[in-house]
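Structural description and commentary
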2 protein chains.
Amino acid sequence: MSQKVLIHGATGETGSDIVNGLTEHGGFSLAALVRPQSLQKPATEALKPRGIEVVVCDLANQSVEEIADILAGYDTIISAVAATAQLVQLKLVDAAAKAGIKRFIPCGFTSVSPPGGVMSIIRNEKEKVYQRIWFHHLPYTIIDTGTWFQIAFFSLPSGKVDYAFMGEGNTIFGDGNVPSLMIDKRDIGRLVTRIVNDDRTLNKRIVLHADVLTQNEIREIMESKSGEKLEAKRATHDELMEKMYTARAAHRANPADPRLRFPALSAEYNVSKFVRQDNTPSNARYLGYLDTRELYPDFEPNTFSAFVEELLAGRAQRLYQDKFDFLRKKAT
Amino acid sequence: MSQKVLIHGATGETGSDIVNGLTEHGGFSLAALVRPQSLQKPATEALKPRGIEVVVCDLANQSVEEIADILAGYDTIISAVAATAQLVQLKLVDAAAKAGIKRFIPCGFTSVSPPGGVMSIIRNEKEKVYQRIWFHHLPYTIIDTGTWFQIAFFSLPSGKVDYAFMGEGNTIFGDGNVPSLMIDKRDIGRLVTRIVNDDRTLNKRIVLHADVLTQNEIREIMESKSGEKLEAKRATHDELMEKMYTARAAHRANPADPRLRFPALSAEYNVSKFVRQDNTPSNARYLGYLDTRELYPDFEPNTFSAFVEELLAGRAQRLYQDKFDFLRKKAT
């Protein structure tokens, strides 16, 4: 019998990659957990013709018992929710434990970092979800992705790649020589497909591993593929730390404002990746992660070089089409 | 060159077992980190003729830099501090990272349980120390011991084993059939010796595994070895939970009072072990622990049966000779 997989956040940036990976592979019975208020959305409607059952669930208002009834019978739940919605998973975990789910994949899907304050916003929220899983002895796999190619590239003087560029210009952090685990986000679903079919990954942390690149290497690849000379500001480690402390303080003074949350979160990511060097293969090993390069040596992930060629050919896509418009002030 | 090992808490219940294991094995260069106010204590004095260097350090008042200078040159630090002193390790961790210590063994040495509220007092404090280790990327090994034989046995109607008995009479929790990882505390040091000489244990969690016994099995072993019929109260899981909630509330209302801390901590242990079934080989595997039975199949730990024979022969010892006198009201 095919594995019954329920996806929470199936229409989001990561969730849609996971749906793509699972449908491309085939052999799964797929369903998407959808809020009542999202039922009529085009992205939800688009799931049905692809053979994905839409399952309505109101996590905010239904009881754990009611939600457990909805979850009963699924083998695997994969949660890939927005950065602002991590803690809605707590009730889902309670219900999944009650329903006897065989594997719960919480919303990791981020760069590697330790719990406990380094990433005081989103990573701490994820840790609360993991601790709830362990509280219930619920079988799980935590999957982290490193950095997506799609947000790690630089803009070019010609403006050629700005159609897919997020953010506010290029910045090289420190000496630009810190390595970072990276992946083409379209490979996330393909690797998740391997992981949910693999008993070795049960009750483990996994990091998806395609490339490990420094900012200087990213720059060199882009310059050599484009023939352009890239312009970039520099930011020292002290400047990154200062920016993080300032953004954190503003966020903590007004935690409900998403315009303050995102800069704090983003500054914490930069410190974690480029000052602390958390998002590296050696730190992943140190923190107990298994590595997909070792688990699936036959899997050939897309390389950053190949991604840059697509990008220059105009075939990449800008992420978060509907969201974070406030971030694009400078880009548009 | 022999491995230089510095022990924090060398004269405590666990620390002295570790010192015994390391000296019995030999081949280590041993030192004990001692507070200025403990320098003249007989237990500290007794370390010197055994070839253990006494190193004075005032964790409360010295700076991280000063402490790092004291720690510099040691390969391994093992911390085995009192249940009330877990958080003094935070500064020690900061200093160990600064000094480039090759392996830090924090004060785990307890039963298996997940972080995040199950054991809201001591386990949460230990987790803070672990998170500080991960913050620094400090090489580490977390070692948990399960339950000591020395606190898991029952008293007998004859009073024969009361000379070594702590607590307030016998209680069987629930149906008495929950298995628990157990060890003779004298084997802790022998297994720690294996672990600090073993690269496979670096950056891992390890559980020491001798016996796995239920309370009913403990009862049967004691009855069969002594020929006595054991008397025990019963406590249901609901009663254990209720006792925990009450003790927690009292502790939280007055957190500085050790007479309120210990009952809360003890009630949390009982719920974790006997209601939640956290201290089992399968839960240890689930939480990512390696098991000394698998790592060291040639190591023959003392069995609970053999321990009971020693106990009946009058050759066991009461623990915490100088401490927790308030716990012995009923026993003396």
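Residues numbered from 1 in each chain as written. Chains lettered and ligands numbered in written order. Predicted model: local features only at pLDDT ≥ 70, side-chain atom pairs only at ≥ 80, totals over all residues. Heavy atoms only, no water.

**Structural notes on the UniProt feature "domain: Semialdehyde dehydrogenase NAD-binding" (unreviewed entry) in chain A**
Mapped onto the present numbering, the UniProt feature "domain: Semialdehyde dehydrogenase NAD-binding" (unreviewed entry) falls at residues 4-120 of chain A. Segment residues 4-120 of chain A splits into 31% helix and 20% strand. End C-alpha atoms: 35 Å apart. (UniProt positions renumbered as here; feature names shortened; annotations may be inferred. Helix = DSSP H or I, 4+ residues; strand = E, 2+ residues; numbered from the N terminus.)

**As for the pattern of salt bridges**
Residues and elements named next belong to chain A. Across all of its chains, the model carries 37 salt bridges over all chains by this definition. A salt bridge links Asp17 to Lys185; the nearest nitrogen and oxygen atoms lie 2.7 Å apart. Of this pair, Asp17 sits in helix α1 (residues 13-25) while Lys185 sits in the loop between β9 (180-183) and α7 (186-196), and the two are 168 residues apart along the sequence. For the residue pair Asp17 and Lys185, the accessibility class agrees, reading buried in each case. Here the salt bridges share partners, and the residues they tie into one network are Glu13, Asp17 and Lys185. (Salt bridge = Lys/Arg side-chain N within 4 Å of Asp/Glu carboxyl O. Buried < 20%, exposed > 50% of the residue type's maximum accessible area, 1.4 Å probe, protein only.)

**Concerning the interface of chain A and chain B**
Between chain A and chain B, the contact holds 19 residues from the first and 19 residues from the second. Roughly 1,600 Å² of surface becomes buried between chain A and chain B when both sides are summed, with 54% attributable to carbon and sulfur atoms. Across the contact surface, chain A and chain B share 0 salt bridges. Connecting chain A to chain B are 8 residue pairs in polar contact (both at pLDDT 80 or more). At the level of secondary structure, the elements contributing two or more residues to the side of chain A that touches chain B comprise α5 (122-135) and α11 (281-286) of chain A. Considering each element in turn, the side of chain A that touches chain B owes the most residues, 4 residues, to α5 of chain A. Residues of the side of chain A that touches chain B, tallied by class, amount to 11 nonpolar, 6 polar and 2 charged. (Contact = heavy atoms within 4.5 Å. Buried area = accessible area lost by both parts, 1.4 Å probe. Polar contact = N/O pair within 3.5 Å; in protein donor to acceptor, adjacent residues only side chain to side chain. Nonpolar A, V, L, I, M, F, W, Y, C, P; charged D, E, K, R; others polar.)

**Notes on helix α10 (residues 258-275) of chain B**
Residues and elements named next belong to chain B. Between its first and last C-alpha atoms α10 spans 25 Å; for 18 residues at 1.5 Å apiece the expected length is 26 Å, and the two agree. Buried residues of α10: Arg261, Ala264, Leu265, Ala267, Glu268, Tyr269, Asn270, Val271, Ser272, Lys273 and Phe274, and no others. If you follow the buried residues of α10, they end up packed against α5 (122-135), β7 (147-148), β8 (171-173), β9 (180-183), α8 (215-226) and α9 (237-253). Just beyond α10, the residue with positive phi is Gln277, at close to 60°. (Expected span 1.5 Å × (residues − 1).)

**A word on the packing of helix α8 (residues 215-226) of chain A against helix α13 (residues 304-312) of chain A**
All names here are of chain A. With their axes 10 Å apart at the nearest point, α8 and α13 run at an angle of 45° to one another. Relative to α13, the element α8 is oriented oblique. Crossing of α8 against α13: the hand is right-handed. Contacts between α8 and α13 involve Ile218, Ile221, Met222, Lys225 and Ser226 from the first element and Phe304, Ser305, Val308, Glu309, Leu311 and Leu312 from the second. Here the contact of α8 with α13 is composed, by residue class, of 7 nonpolar, 2 polar and 2 charged. (Axes fitted to C-alpha atoms, helices over the stretch in contact; angles between N-to-C directions. Parallel < 35°, antiparallel > 145°, perpendicular 65-115°, else oblique. Left-handed = near helix turned anticlockwise from the far one by under 90°.)

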